[in-house]
Structure formats: structure tokens, C-alpha cells
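What the coordinates show
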Amino acid sequence: EVQLVQSGAEVKKPGESLKISCKGSGYSFTNYWIGWVRQMPGKGLEWMGIIYPGDSDTRYRPSFQGQVTISADKSLNTAYLQWSSLKASDTAMYYCARLLWFGEFHFDCWGQGTLVTVSS
Amino acid sequence: QSALTQPPSASGSPGQSVTISCTGTSSDVGGYNYVSWYQQHPGKAPKLMIYDVSQRPSGVPDRFSGSKSGNTASLTVSGLQAEDEADYYCSSYAGSNNLGVFGGGTKLTVL
């Protein structure tokens, strides 16, 4: 069974750094793109960016370029989303999802989400 | 690149059909046959319901169907059931620079 399991909820202060994780299992982790999606409180879904763990090819939606860093450790079957200096506006639920691309383009399997709260 | 446009709400009685629209541009919905639809119940992760405009993943009831005409895609839910009440989001490929884009979401209420 394909599964993505995300790290637990985080409460941070503005200016702090954070790295959340997404561990894949049940498939060849290096052969599929992993994407990150933001959902701010009471709002819709937003594409953030994707990574191909096989070669760490990383792409960002323009609005998230420079705001976050996406990385992966293929030896651990884990993708990461990190911030160097959090802002209150980063408060949101963050989902990772497996992206099927080339000949198709959609997220077929989602993690359970990681709630990030940034508050002083 | 703006979000795709969806109606904020839609509703129907059990057994009825409802259609949710998703309007983009020739740079996303109209330019590729890569429209997908996701269902999200409160407090849950999204779930893929339709991909590549009209394809249904294994396990999704055939009451759910998708289509596209020009820059507008549609999701139709036939034979509405109580468990269909959820938020629905469309998404489209938007080119190699913009990757993907979601719609603003539609809250479907089963009356």
C-alpha cells in the first residue's frame, strides 16, 4: 500500500526555523515526484513545489520561490519542507503528496498533513 | 498565475445530480488535458476523485464524472449521497514554470 506519513504538529515563534518531513512507503520512492501543498486556515489548497527524490530535481511555484526549501533524502525515503525564518503568515496545514507526471499530472496519494502554528 | 475559478458553493438533494465548474485559461485548463479533482472532508487530507479530465481512480464510485470544454472543466456528481458533502477542488497543469494550480474550492452541501 502506498503511504505518505508526515511529521507531527509544530508550534513555533516568528523568526524560528523549521523542517517538516514526509516519509514514503509501499513504492519506489526515488521514481516519483513529491509535492507540497499549503492550506491556510479556512482557505483553499495552494501548490508550493515539487521534488524528484531520484536526482533531487526541485521546482517551485513562483510565489513560493525563496520562501521555503524543499529537499529529500532518498536513503530515508523522506522529503522535507523547511523554513529559515518563520512568519505568522506561515501558519497553515501542509500536505505532501505523490505526483504522477509525464503523460498525466495529478496527486494520487496524500499525507495526513502537518499543522504548523507560528505565534509569539 | 491566479487560482482557477470555482463557485464557492453548490447543493443538491439526495439522488439528484450536481455539476461544479472550474474555469481557467488557455495556459492551464484549456491548454492541457491534465485537470484533476479532489474531495476534502473537514479535517481530512484531500482525496483524488478524477484525473486527466475524466479518468476515475480505482475505488471512486462511477457517480463521479469529469469533462472539459475550452477553458472550463466540470465535475458532475450523480445520485448524490450524504457522504458526498465535502469541499471539492479542481487542479490543472499550468506549464513547466508554474507547475500546477488549484481552484478556490467549492463546498458541496447535500440538502
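Higher on the page you've got the structure.
The text that follows walks through the structure, step by step, so that each part is easy to find. (Residues numbered from 1 in each chain as written. Chains lettered and ligands numbered in written order. Predicted model: local features only at pLDDT ≥ 70, side-chain atom pairs only at ≥ 80, totals over all residues. Heavy atoms only, no water.)

**A closer look at the overall build of chain A**
Scanning chain A from N- to C-terminus turns up zero helices and eleven strands. Seen in sequence order, chain A has helices and strands lined up from the N terminus as β-β-β-β-β-β-β-β-β-β-β. Here chain A has a C-alpha radius of gyration of 14 Å; the compact-globule value for 120 residues is 14 Å, and the two agree. Here chain A, with 120 residues, has 48% of them falling under the buried criterion. Taking the contacts inside chain A whose residues are at least 6 apart along the sequence as the reference set, 54% of them involve residues at least 24 apart. For chain A, the accessible surface area stands at approximately 5,300 Å², while carbon and sulfur atoms represent 48% of it. Distance between charge centres in chain A, computed from 11 positive and 10 negative side chains, equals 5 Å. (Helix = DSSP H or I, 4+ residues; strand = E, 2+ residues; numbered from the N terminus. Rg over C-alpha atoms; globule rule 2.2 N^0.38 Å. Buried < 20%, exposed > 50% of the residue type's maximum accessible area, 1.4 Å probe, protein only. Contact = heavy atoms within 4.5 Å. Areas by Shrake-Rupley, 256 points an atom, 1.4 Å probe, with all protein chains shown as cover. Lys, Arg positive; Asp, Glu negative; His and termini not counted. Charge placed at Lys NZ, Arg CZ, Asp CG, Glu CD.)

**Overview of the sheet that holds strand β5 (residues 64-69) of chain B**
Residues and elements named next belong to chain B. With antiparallel pairing, the three strands of this open sheet are ordered in space as β2-β6-β5. This sheet does not close on itself; its edge strands, each paired only once, are β2 (18-23) and β5. Pairs of neighbouring strands in the sheet enclose a mean axial angle of 20°, with direction left out of account. Here β5 runs beside strand β6 (residues 72-77); their pairing, made up of six bridges, is antiparallel. Bridging across to β6, S69 finds its partner in T72. (Pairing = 2+ DSSP bridges. Axes fitted to C-alpha atoms, helices over the stretch in contact; angles between N-to-C directions.)

**Topic: the sheet that holds strand β8 (residues 78-83) of chain A**
Each strand in a sheet pairs with another by means of backbone hydrogen bonds, the pair being arranged parallel or else antiparallel. All names here are of chain A. Strand order in the open sheet formed by four strands is β1-β3-β8-β7, with antiparallel pairing between adjacent strands. In the strand order of this sheet, the two ends are held by β1 (3-6) and β7 (69-73), each with one partner. Each strand axis lies, on average, 20° off the axis of its neighbour in the sheet, ignoring direction. Judged from the four bridges that link them, β1 and strand β3 (residues 18-25) form a sheet pairing that is antiparallel. Looking at β3, one finds that L4 is bridged to G24.

**Quick word on the pairing of strand β6 (residues 57-60) of chain A**
Residue and element names in this part refer to chain A. Where strand β5 (residues 45-52) meets β6, four bridges bridge the pair, whose relative direction is antiparallel. Bridging across to β6, Y52 finds its partner in D57. The turn linking β5 back onto β6 is made up of four residues, and S56 within it adopts a positive phi angle of 60°.

**Observations regarding the pattern of salt bridges**
Residues and elements named next belong to chain B. A full pass over the atoms with the stated rule returns four salt bridges over all chains. The closest approach of N and O atoms between R63 and D84, which form a salt bridge, is 2.6 Å. Separated by 21 residues along the polypeptide, R63 in the loop between β4 (47-50) and β5 and D84 in the loop between β6 and β7 (86-93) bring together distant segments of the chain. By relative accessible area, which is 2% here, D84 ends up buried. (Salt bridge = Lys/Arg side-chain N within 4 Å of Asp/Glu carboxyl O.)

**Quick word on the layout of surface pockets**
Taken as a whole, the largest pocket spans an internal volume of roughly 240 Å³. What lines the largest pocket is a set of 16 residues, among which A:Q39, A:G42, A:K43, B:Q40 and B:D87 lie closest to the centre. Those elements that provide at least two residues to the lining of the largest pocket are β9 (92-101) of chain A together with β7 of chain B. Elements with a minimum of two residues in the lining of the second largest pocket: β5 of chain A together with β8 (100-102) of chain B. (1 Å grid on protein atoms, 1.4 Å probe; cavity = no way out; pocket = protein on both sides within 12 Å on 5 of 7 lines; lining within 4 Å. Points joined across faces, edges and corners; volume = space filled by probe spheres on them.)

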